[in-house]
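Analysis of the macromolecular model
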Amino acid sequence: MKFTLYGRPGWGSVLVEPQLALYGFDYEMIDCGDLFGDEEARQRLAKVNPLMQVPTLVLPNGRIMTESAAITLHLADLAKSNKLVPSPDDPTRAEFLRWLIYLVANVYPTFTYADVPARFVPDPQAAEAFKTKVGEYREKLWHPVEAAAGAPWFLGNRFSALDLYIVAMTYWTPRREWFAAHAPKLTTIAKTTEGAPKLSEIWKRNFLR
Ligand SMILES: N[C@@H](CCC(=O)N[C@@H](CS)C(=O)NCC(=O)O)C(=O)O
């Protein structure tokens, strides 16, 4: 029962790796290479994920999963555990689903469009202006997340996969300094989650090199 996770330190694989670890699943990591700068890396990944994105997860039965939110829900099913995903009768379930999907449907695509804006807006000046606008929009998207955040975890007393997303995504642009100034609750959640000894090796490998 072994999973294979395609990823890269600090990239989207870091949303899934801590989940595999917390469930105690056996997994190996494959570095996908620089998907933005290396066409060979893109073509290699295209064989398992036509969108050439990570996380890309090969399940123990050989099937491929992409989309971090789908992976999050499926891993909880496979683990038969409610450790990271509240079960359907849990009062926090609706809130969990709402914000999980919000993060992947609203926040995550801003990176797709603004990481390499020239893919969508060929003119360099227009691309720069587009990147700035998408960046501003991304900041706006974080305000409702901050407003909805509980303590000590996003869902209040209940730790969940959302706390793992918050650690990773607050390392991404607009980055920790911005979150400290504009999203203090999310910053505290990120720090508390990162402080848990079980995952320290994973966070270190991904963000603190
Ligand atoms: N909807 C996907 C988004 C994955 C994603 O955008 N991953 C980024 C890395 S953080 C990526 O692979 N980007 C490469 C590209 O956009 O070409 C998910 O939630 O898993």
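Residues numbered from 1 in each chain as written. Predicted model: local features only at pLDDT ≥ 70, side-chain atom pairs only at ≥ 80, totals over all residues. Heavy atoms only, no water.

Description of the side chain of N49
Residue placement: N49 occurs in the loop between α2 (39–46) and β3 (56–58). Here T56 takes part through its side chain, which lies 3.1 Å from a polar atom of the side chain of N49. Not counting the four nearest positions on each side in its chain, N49 is found in contact with T56 and T66. (Helix = DSSP H or I, 4+ residues; strand = E, 2+ residues; numbered from the N terminus. Polar contact = N/O pair within 3.5 Å; in protein donor to acceptor, adjacent residues only side chain to side chain. Contact = heavy atoms within 4.5 Å.)

Considering helix α5 (residues 124–148)
Under the 1.5 Å per step criterion, the end-to-end length of α5 is 37 Å for 25 residues, consistent within 8% with the ideal 36 Å. A127, V134, G135, R138, L141, W142, V145 and E146 are the residues of α5 that are buried. Looking at the buried positions of α5, the neighbouring elements they touch are α4 (93–114), α6 (161–171), α7 (175–182) and α8 (184–195). (Expected span 1.5 Å × (residues − 1). Buried < 20%, exposed > 50% of the residue type's maximum accessible area, 1.4 Å probe, protein only.)

Some thoughts on the site of the ligand
In the region of the ligand, 15 residues are neighbours, and Q53, V54, E67, S68 and R119 sit closest. Contacts to the ligand include E67, whose side-chain N or O atom sits 2.7 Å from a nitrogen atom. Within the side chain of R119, a nitrogen or oxygen atom sits 2.7 Å from an oxygen atom of the ligand. Considered on its own, the ligand offers 510 Å² of accessible surface; in the complex 91% of this is hidden by protein. Residues that form the shell around the ligand fall into these classes: 8 nonpolar, 4 polar and 3 charged. Of the residues that make up the shell around the ligand, three or more belong to each of domain 1 (2–79) and domain 2 (93–202). (Near = heavy atom within 4 Å. Areas by Shrake-Rupley, 256 points an atom, 1.4 Å probe, with all protein chains shown as cover. Nonpolar A, V, L, I, M, F, W, Y, C, P; charged D, E, K, R; others polar. Domains from an automatic or database assignment.)

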